[in-house]
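Here is how the chains run, residue by residue.
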Amino acid sequence: MAINVNTVYQTVLLILNKEQRGYMTPLEFNKIGTQTQLEIFETYFESLNQQIRIPQTNVDYADRVLNLDEKISIFKTTGTPTYTAPSFSLPSESGLAQSSETITTIAGTVGYDFQIITANELASGTVQVFFDGVLQTAAAYGITGTTITLTVAPTAGPPINPASVFVIVTLDDFYRLGTVLYTLGALAPQELERVTRSELYHINSSKLTRPSTIYPVYLYENKRLLVYPTSIISGITVDYIRKPLDPSWNFTLGSNNQYVYSPNTSINFELHDAEQTELILKILLYAGVVIKSPEIIQVAAQQVAQENQNQQR
Amino acid sequence: MATPNGGLINETNAQYYAGTQQFIIAATAVNQTFTSTFDTLLSVGTGNYSDPGTNGFNLNNFKVNTSTDGSTWAELTPASTDFDAVGTPLSAGGLATVNIAANANILGGSIFVLVNKLTGFVYGTITTINGANTLLTLDKVLPAAGITNNTALSVRRIQPWTMVGNIITVSQSLTINTYLQIEMRDATVDDIHGSYEYTRLNDVIDNFLIAYVGAGKLIPSVKRTDVIFHARRGLQEFSYDTLKSTRSQELQIPSSLSLIIPQDYVNYVKLSWVDGMGVLHPIYPTNNLNQSPYETLAQDQLGHPIQDSNAINTEVSSTMDAAWNATDPRLISGGFQNNLDNANVLNRGYMDGALGQRYGLDPVTSQKNGWFKIDERKGTFNFTSNLSGRIILLEYISDGNAYDLDSRIPKLAEEALYAHMVHAILSVSSNVQEYVVRRFKQERSAKLRNAKIRLSNIKLDQIVQVMRGKSKWLKF
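Residues numbered from 1 in each chain as written. Chains lettered and ligands numbered in written order. Predicted model: local features only at pLDDT ≥ 70, side-chain atom pairs only at ≥ 80, totals over all residues. Heavy atoms only, no water.

A.B. asks: How would you sum up the packing of aromatic side chains? Please name residues and give values.
C.D. replies: Tallied over the entire structure, the rule returns 28 aromatic pairs over all chains. Ring geometry for A:Y9 against A:W249: centres 4.6 Å apart, planes inclined by 55°, an arrangement best described as tilted. You can see A:Y9 sitting in helix 1 (residues 5-17) and its partner A:W249 sitting in the loop between strand 15 (236-242) and strand 16 (251-253), a full 240 residues away along the chain. Of the two residues, A:Y9 and A:W249, neither departs from the other in class, the shared state being buried. When the ring of A:F41 is compared with that of A:Y175, the centres are 4.9 Å apart and the planes differ by 50°; the resulting orientation is tilted. On the criterion of sequence distance, the pair formed by A:F41 in helix 2 (residues 26-52) and A:Y175 in strand 11 (residues 174-182) is long-range, its members being 134 residues apart. What makes A:F41 buried here is its relative accessible area of 0%. For A:Y175, a relative accessible area of 25% puts it in the partly exposed group. Every member of this aromatic cluster is reached through a ring pair, and the members are A:Y9, A:F29, A:W249, A:F251, A:Y259, A:Y261 and A:F269. In this arrangement the basic side chain of B:R408 is found over the ring face of B:Y198, its NZ or CZ atom lying 3.9 Å from the centre. (Phe/Tyr/Trp six-rings, centres within 6.5 Å; stacked < 30°, edge-to-face > 60°. Helix = DSSP H or I, 4+ residues; strand = E, 2+ residues; numbered from the N terminus. Buried < 20%, exposed > 50% of the residue type's maximum accessible area, 1.4 Å probe, protein only. Lys NZ or Arg CZ within 6 Å of the ring centre and 35° of its normal.)

A.B. asks: So what's going on with the sheet that holds strand 13 (residues 179-184) of chain B? Residues and values would help.
C.D. replies: Taken in spatial order, the 4 strands of this open sheet run 1-13-3-4 (chain B), and their pairing is antiparallel. Edge positions in the open sheet fall to strand 1 (20-24) and strand 4 (74-75) of chain B, since each of these has one partner strand only. (Pairing = 2+ DSSP bridges.)

A.B. asks: Got a sec to walk through the interface of chain A and chain B? Specific residues and values, please.
C.D. replies: At the interface, 16 residues of chain A touch 19 residues of chain B. Between chain A and chain B, a total of about 1500 Å² is buried, with carbon and sulfur atoms accounting for 64% of that surface. Salt-bridge contacts for B:K223 lead to A:E199; the nearest nitrogen and oxygen are separated by 3.6 Å. Linking chain A with chain B are 8 residue pairs in polar contact (both at pLDDT 80 or more), by the criterion used here. (Contact = heavy atoms within 4.5 Å. Buried area = accessible area lost by both parts, 1.4 Å probe. Salt bridge = Lys/Arg side-chain N within 4 Å of Asp/Glu carboxyl O. Polar contact = N/O pair within 3.5 Å; in protein donor to acceptor, adjacent residues only side chain to side chain.)

A.B. asks: Quick one: what's the story with the nonpolar core, residue by residue and with numbers?
C.D. replies: Counting residues in hydrophobic clusters, the biggest one holds 30 residues, and the most contacted among them are A:V8, A:M24, A:F29, A:Y44 and A:I283. Taken together, the elements giving at least two residues each to this core come down to helix 1, helix 2, helix 3 (64-73), helix 6 (276-290) and helix 7 (294-312) of chain A. The biggest single contributor to this core is helix 2 of chain A, with 7 residues. Setting aside residues no more than four positions away along its own chain, A:F29 makes contact with A:V5, A:V8, A:Y9, A:M24, A:W249, A:F269 and A:I283. Of all hydrophobic cores here, the second largest spans 27 residues; its members include B:I205, B:I409, B:Y418 and B:V436. (Core = buried A, V, L, I, M, F, W, Y, C linked by side-chain atoms within 4.5 Å.)

A.B. asks: Describe the environment of A:I203, and please don't skip the residues or the numbers.
C.D. replies: Structurally, the position occupied by A:I203 is in helix 5 (residues 197-205). Distance in space between the C-alpha atoms of A:I203 and A:T237 is 23 Å, their sequence separation being 34 residues. The contacts of A:I203, once residues within four sequence positions are left out, are A:V195, A:T209, A:R210, A:P211 and B:T225.

A.B. asks: Account for the packing of helix 4 (residues 201-212) of chain B against helix 8 (residues 414-427) of chain B, naming residues and giving values.
C.D. replies: In a pair of packed helices, the angle between the axes and the distance between the axes together describe the arrangement. All names here are of chain B. The N-to-C vectors of helix 4 and helix 8 enclose an angle of 60°; their axes lie 11 Å apart at closest approach. One way to sum up the angle between helix 4 and helix 8 is to call them oblique. As for the relative orientation of helix 4 and helix 8, their crossing is right-handed in sense. Across the interface between the two elements, L201, V204, N207, F208 and Y212 from helix 4 touch E414, E415, L417, Y418, M421, V422 and I425 from helix 8. Within the contact of helix 4 with helix 8, the residues separate by chemical class into 9 nonpolar, 1 polar and 2 charged. (Axes fitted to C-alpha atoms, helices over the stretch in contact; angles between N-to-C directions. Parallel < 35°, antiparallel > 145°, perpendicular 65-115°, else oblique. Left-handed = near helix turned anticlockwise from the far one by under 90°. Nonpolar A, V, L, I, M, F, W, Y, C, P; charged D, E, K, R; others polar.)

A.B. asks: Can you break down the sheet that holds strand 20 (residues 380-383) of chain B residue by residue, with the values?
C.D. replies: Residues and elements named next belong to chain B. Sheet architecture is open: 7 strands sit in the order 15-21-17-18-19-20-16, paired in mixed fashion. Of all strands in the sheet, those bounded by a partner on one side alone are strand 15 (246-252) and strand 16 (258-260). The mean inter-strand angle of the sheet, taken between neighbouring strand axes irrespective of direction, is 30°. Bridge count for strand 17 (residues 267-274) against strand 18 (residues 280-285) is 4 bridges, and the pairing is antiparallel. Paired with W273 across the strands is H281, a residue of strand 18.

A.B. asks: Go over empty space enclosed by the protein with me, naming the residues and quoting the values.
C.D. replies: If you walk through the whole model with that rule in mind, you get 1 cavity of 30 Å³ or more. By volume, the largest cavity is sized at about 30 Å³. In this structure, the largest cavity is lined by A:Y215, B:L201, B:N202, B:I205, B:I228 and B:R232. Where the lining of the largest cavity is concerned, the elements lending two or more residues are helix 4 and helix 5 (224-241) of chain B. Among the elements that make up the lining of the largest cavity, the one with the highest residue count is helix 4 of chain B (3 residues). Grouping the amino acids of the lining of the largest cavity by side-chain chemistry returns 4 nonpolar, 1 polar and 1 charged. (1 Å grid on protein atoms, 1.4 Å probe; cavity = no way out; pocket = protein on both sides within 12 Å on 5 of 7 lines; lining within 4 Å. Points joined across faces, edges and corners; volume = space filled by probe spheres on them.)

A.B. asks: Can you lay out a nonpolar patch on the surface for me, pointing to particular residues and giving the numbers?
C.D. replies: Taken together, B:I458, B:L460, B:I463, B:V464, B:V466 and B:M467 make up a surface patch of nonpolar side chains, about 590 Å² in accessible area. Under the relative-accessibility criterion, B:L460 is labelled exposed at 65%. (Patch = residues over 30% accessible without salt bridge, like charges linked within 9 Å, V, L, I, M, F, W, Y side chains within 5 Å. Areas by Shrake-Rupley, 256 points an atom, 1.4 Å probe, with all protein chains shown as cover.)

On their own, these measurements won't tell you what the molecule is for.
And the structure:
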């Protein structure tokens with residue numbers, strides 16, 4: 001379930017190009033698409049807060065809380081934090097690949113430039129490098145900018161060893177912390193309660209509320225979880241919301257140097273299908289700014305406002 | 001008989017009545033795991049708790065048994081994992097190596113110890129074995145005598161099983177179609193019996209969070225620690241006057257005439273001495289007769305307290321305690337010379353009916369069972385001298401929070417506890433209208449009254465039995 005990036009791009013272009021208003025390049029579209037997706041994504045949580053306080057109907061498809069939860073559910077995921085005394089690190093990635101690339105090696109050559117993976121992706125994600133399918137440690141290679149340098153040059157073959165280098169970048173996509181659970185063996189998982197530092201002092205001091213393995217608590221500080229009682233050093237899992245992947249309308253150059261959509265290397269919008277209209281309108285809103293068209297801005301803004309009004313009435 | 005099928009009962013009949021859970025080994029393999037489904041959590045001591053020779057073993061609340069036929073069980077301990085080896089040729093003392101007849105079953109790596117099969121002497125932990133399986137290296141040197149040729153040895157697994165989070169892992173290879181059993185110890189089985197009468201406080205807290213807290217409810221959100229606090233406080237309050245969960249101890253009064261107050265004591269219900277027939281005779285508090293002083297200050301001639309070199313008041317032993325201990329309570333009660341030792345109504349002398357009659361009888365002190373008082377300074381119950389050596393029953397109440405097992409509430413009072421928690425949380429929450437708080441105050445009160453009536457255990461036939469005496473003729 002995702003919104004096809006090409007559908008959105010073509011629709012935006014169609015509306016923009018009508019009456020020869022202007023054109024939006026793929027690069028501009030990708031940037032604006034990312035911005036718009038995040039903007040819509042962030043509104044979910046505020047909207048949920050508002051809707052929770054309003055009595056809802058339980059008629060199918062009409063419960064706004066459920067509808068919002070359905071949109072958010074796309075981004076719900078679970079991870080296992082790593083314990084490094086005295087606290088747990090947050091799971092930084094849900095394992096979704098942001099980008100990957102296979103490099104065919106040349107005997108004796110150690111340096112290769114990435115053609116697909118960007119410097120931004122390399123900087124903001126976790127990189128894993130495989131030589132002929134075998135995961136390598138950081139000692140086997142180095143990455144600077146968009147160049148990977150192998151520590152040992154591939155040996156001549158056939159076959160060349162290694163014959164291929166596969167690089168995958170997984171996104172550091174942790175967004176919002178949800179439920180933290182503690183599981184020990186076959187015992188039922190226990191939810192940890194988030195407390196503040198000042199609360200912890202009092203909670204620890206009271207014999208009635210002191211954290212136990214049955215009712216543990218945690219502090220959330222500096223992207224780390226400090227779990228109490230401190231005897232808990234494993235068995236923690238966290239449910240969290242991950243960030244949506246940045247959309248990408250990728251292309252190859254055609255015979256006339258035109259942009260040809262490349263579905264295999266493009267990344268679709270991850271938002272719920274129901275957001276397609278709003279997504280296009282908001283992109284148009286930004287596009288209106290880009291091409292300096294007040295009419296586009298005005299029409300798009302009106303449409304967005306009307307849609308929001310309907311959703312919150 | 002019904003089997004657990006989605007109701008509130010999770011334990012099988014065997015788990016509840018016999019305290020056992022049985023598994024059939026599905027395949028021959030090492031490191032097989034077995035998950036306990038007892039309501040009671042498995043608990044183990046520290047160290048090598050699978051070894052009966054350790055203190056940790058005594059703290060386990062269960063045992064692990066194995067059987068080949070499902071009827072004859074043997075506890076799985078290090079000793080039960082022994083297999084034979086032969087020491088040959090002789091191994092010299094002072095070295096950490098042992099010669100054995102080739103034995104491929106032996107493994108190294110701190111898993112096994114080498115034991116003398118005859119004497120049980122433990123030579124040490126086997127760290128390595130050579131490629132020909134004939135030379136063991138131990139983690140310590142042999143005694144000076146070494147191991148003589150053809151000595152019968154046993155190789156013993158150090159820790160045959162481990163337990164984490166109700167999952168037992170058995171390290172040795174278990175054979176297909178044999179059996180393994182988790183057997184709760186007697187004290188644990190006693191706790192299991194009758195447990196359906198109660199709801200655990202943890203369940204109460206979870207149920208409360210599910211049913212009473214959330215968007216669209218009167219309590220939209222609450223910290224779980226608040227719920228835990230109010231649940232525990234509620235249990236404490238209920239323990240004092242609503243719950244029937246009185247605790248009791250059978251004790252013998254020593255010659256010092258004092259007994260230490262129980263660790264989880266909050267207040268006494270009744271103290272009684274037990275006669276030869278096992279019948280209880282109430283012991284009464286001294287009230288105005290005598291009390292132990294909290295401080296017994298040493299005084300100078302002017303009556304001023306005397307301080308020691310640390311500028312702290314010095315104390316002396318209590319004179320009034322000593323006087324009370326030396327008192328024969330019969331002199332206060334005016335009781336018979338002939339103390340009755342039991343409740344046998346036929347155990348009377350011919351003249352007994354005429355003894356002890358006197359004018360000016362004070363009903364408060366007219367009893368022959370003796371008195372007790374509480375010394376708050378020392379934390380002891382003190383008794384009168386006629387009770388020395390007597391067996392007594394001390395009935396008292398706790399607050400329901402002393403031990404994990406206490407943290408449960410009779411189902412008959414569960415609803416009252418929910419009402420207590422709702423009221424307690426609403427009454428300290430902001431933006432809650434006063435009429436709502438009052439509504440739940442009344443609800444709490446009504447449900448608590450219901451709980452008290454239920455727990456009073458009033459049975460009609462018992463009342464009828466008592467009331468049968470209402471028309472009895474009294475002869476004077």
